[in-house]
Amino acid sequence: MAPAPHYAPAPPQEPAPPPGDPVKLKREISLLSGVCLIVGNMIGSGIFVSPKGVLLHSASYGLALAVWAMGGLFSVFGALCYAELGTTVTKSGASYAYILEAFGGLAAFVRLWASLLIIEPTSQAVIALTFASYMVQPVFPSCPGPYAAHRLLAAACICLLTFVNCAYVKWGTRVQDVSTYAKLLALLAVIVAGVVRLAQGHSEHFADPFAGSSLAVGDLALALYSALFSYSGWDTLNFVTEEIKDPERNLPLAIGVSMPLVSAIYLLTNVAYYTVLAPAELLASDAVAVSFADRIFGVFNWTIPLAVALSCFGGLNASILAASRLFFVGSREGHLPDALCMIHVERFTPVPALLFNGAMALVYLCVEDIFQLINYYSFSYWFFVGLSIAGQLYLRWKEPDRPRPLKLSIVFPLFFCLCTVFLVAVPLYTDTLNSLIGIGIALSGLPVYFLLVHGPDTRRPRWLRAAVAGASRHIQVLCRAVVTELDPADARPKSQ
């Protein structure tokens, strides 16, 4: 009798996903990663390089510290308002999502258009160039580095971080964690050095701290504006609300931990600067932290340029993460092509949105006077932040019974809205031409909205619809991506 055939056991297989499980972004951002995202984006190159803007307009160390404290308090109010908005409107996209919820598609699209054309790609290109500048500086210590070297290194930085965020969300958050720890360590070294100098009796710069203070309203406004530039980034976590673990708990808690931490670090760092550097020395320096290191750290002064570069690296990573989610949500709401709301079928990252964001930043690197473009968006940025907080007040009136896990006193959004009016008026008064250009860039989205976004698809030219559909198919195949799905509780019709 023939022996019974022997069959090898089948290799083990990965368990199939449960039927009906939606393909969507995964909640992988923990409380610690959320804190690192906020702190890492807020602490950019500003506190290392240009705190002299506050001193220049306040004209005394005492008033400068008061302005830094006011900037921190104002930012805390804004961040707390965003904590309520983020737990009420549980979608990624920050101010875009909140304006969309409160005021509809037109206002939200104008905000998205301004971000797409000027705010996000310009700020990322500038951060990447600042990173490149500090990386090249040790190679060319006595002269500026070559133009091409700065641009190529900045482009490599953008490409690397885009790849990291395309690979896995956790890779991006780990890069953020490490860079945040590095910059906090550098600032701690600056603070400790300043405290030691004070303990040694070097307090001569604080003998009469308010002498010569400039109390003109215009000067105080410009000083506060300079401080708020360094505090910007407190809304970073609201761009990724849908990827936060237990957002009703972790979003407000991350904001509550980050804001006092950053405010305290900024105040103590400036005290350290003021202890070591006289006002004239600080105002004459193009990089205050580097001048501080030259005086205090001796042969280890190279650590500060490295810390600035790492700070920029982390800030750029957070900006790429946030901006890609903004374009992702805009596409999902029907304001951008559908291809941008696709996610990788295995890695669950918005690969097309990340690639689009990286391509826009690379395009803006080709602009020789890229820093000039920064001047165009101050008005738009604060206007839309203020509009989103006004939306918070409107939703309180329109939907009083809507569930709000966190509900602040009405004083917080009212105070912030009044302050935002002031911040919008300042650039209009002090930099009218650039502000008007920024307004024009934002309003240029109106014809795009009415011609290509508003109304049914049948109103658009057939060739355009065919081209967009063909491009979407190719992107889907190349990126191994599918259109994301929303939880039924979050689903809503696309906005028009």
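The rules behind each value
- Residues numbered from 1 in each chain as written.
- Predicted model: local features only at pLDDT ≥ 70, side-chain atom pairs only at ≥ 80, totals over all residues.
- Heavy atoms only, no water.
- Helix = DSSP H or I, 4+ residues; strand = E, 2+ residues; numbered from the N terminus.
- Rg over C-alpha atoms; globule rule 2.2 N^0.38 Å.
- Buried < 20%, exposed > 50% of the residue type's maximum accessible area, 1.4 Å probe, protein only.
- Contact = heavy atoms within 4.5 Å.
- Areas by Shrake-Rupley, 256 points an atom, 1.4 Å probe, with all protein chains shown as cover.
- Lys, Arg positive; Asp, Glu negative; His and termini not counted.
- Charge placed at Lys NZ, Arg CZ, Asp CG, Glu CD.
- Salt bridge = Lys/Arg side-chain N within 4 Å of Asp/Glu carboxyl O.
- Core = buried A, V, L, I, M, F, W, Y, C linked by side-chain atoms within 4.5 Å.
- Phe/Tyr/Trp six-rings, centres within 6.5 Å; stacked < 30°, edge-to-face > 60°.
- Lys NZ or Arg CZ within 6 Å of the ring centre and 35° of its normal.
- 1 Å grid on protein atoms, 1.4 Å probe; cavity = no way out; pocket = protein on both sides within 12 Å on 5 of 7 lines; lining within 4 Å.
- Points joined across faces, edges and corners; volume = space filled by probe spheres on them.

(A) Region of the structure containing the overall build of the chain. Within the chain one finds 20 helices and 2 strands. Compactness check: the chain gives a C-alpha radius of gyration of 24 Å against a globular reference of 23 Å for 496 residues, within 12% of the reference. Taking the principal axes of the C-alpha coordinates as reference, the chain spans close to 100 × 65 × 45 Å. Out of the 496 residues belonging to the chain, those deemed buried represent 52%. Restricting the contact set of the chain to residue pairs at least 6 apart, pairs at least 24 apart contribute 83%. Surface accessibility of the chain: about 21900 Å² in total, with carbon and sulfur atoms responsible for 70%. The averaged location of the 30 negative side-chain charges in the chain is 7 Å from the averaged location of its 30 positive side-chain charges.

(B) Here's a closer look at the pattern of salt bridges. Going through the model one piece at a time under the given rule, you end up with 9 salt bridges. Glu281 serves as the salt-bridge partner of Arg295, at 2.7 Å between the closest nitrogen and oxygen. Of this pair, Arg295 sits in helix H12 (residues 288–296) while Glu281 sits in helix H11 (residues 279–284), and the two are 14 residues apart along the sequence. Judged by its relative accessible area of 42%, Arg295 is partly exposed. Of the charged contacts in the structure, one is a salt bridge between Arg402 and Glu399, with a shortest N-O distance of 2.9 Å. Here the salt bridges share partners, and the residues they tie into one network are Glu84, Arg396 and Arg404.

(C) Here's a closer look at the side chain of Ser58. The topology assignment puts Ser58 in helix H3 (residues 52–58). The residues touching Ser58, leaving out its near neighbours within four places in the chain, are Leu63, Ala64, Gly212, Ser213, Ser214 and Ala223.

(D) How the structure looks around the nonpolar core. Residues Ile43, Phe48, Leu237 and Trp382 are the most contacted members of the largest nonpolar core, which totals 138 residues. For this core, the element with the highest residue contribution is helix H13 (residues 303–332), accounting for 15 residues.

(E) Fine view of the packing of aromatic side chains. Evaluation of the coordinates by the stated rule reveals 25 aromatic pairs. Both rings, one in Phe109 and one in Tyr449, keep their centres 5.5 Å apart while their planes meet at 45°; by these two values the pair is tilted. Taken as a pair, Phe109 in helix H6 (residues 105–136) and Tyr449 in helix H19 (residues 445–453) lie far apart in primary sequence, 340 residues in all. Residue Phe109 is classed as buried on the basis of its relative accessible area, which comes to 2%. Within the aromatic cluster, the residues linked to one another by ring pairs are Phe74, Tyr82, Tyr98, Trp234, Tyr381, Trp382 and Phe416. Here the guanidinium or amino end of Lys26 rests over the ring plane of Phe348, the centre of that ring lying 4.4 Å away.

(F) Geometry of the layout of surface pockets. Put simply, the second largest pocket is a space of about 610 Å³. Lining the second largest pocket are 21 residues; nearest its centre among them are Leu336, Pro337, Leu452, Arg460 and Val468. Only H6, H19 and helix H20 (462–479) provide two or more residues apiece to the lining of the second largest pocket. Here the element with the most residues in the lining of the second largest pocket is H20; it accounts for 5 residues.

(G) Examining the environment of Gly145 more closely. Note that Gly145 resides in the loop between H6 and helix H7 (147–167). Classification of Gly145 by relative accessible area gives buried; the value is 18%. Linking Gly145 and Leu267, residues 122 residues apart in sequence, is a C-alpha distance of 33 Å. Leave out the neighbours within four places in its chain, and Gly145 touches Val136, Phe140 and His150.

Functional significance is not addressed by these values, which are geometric in nature.
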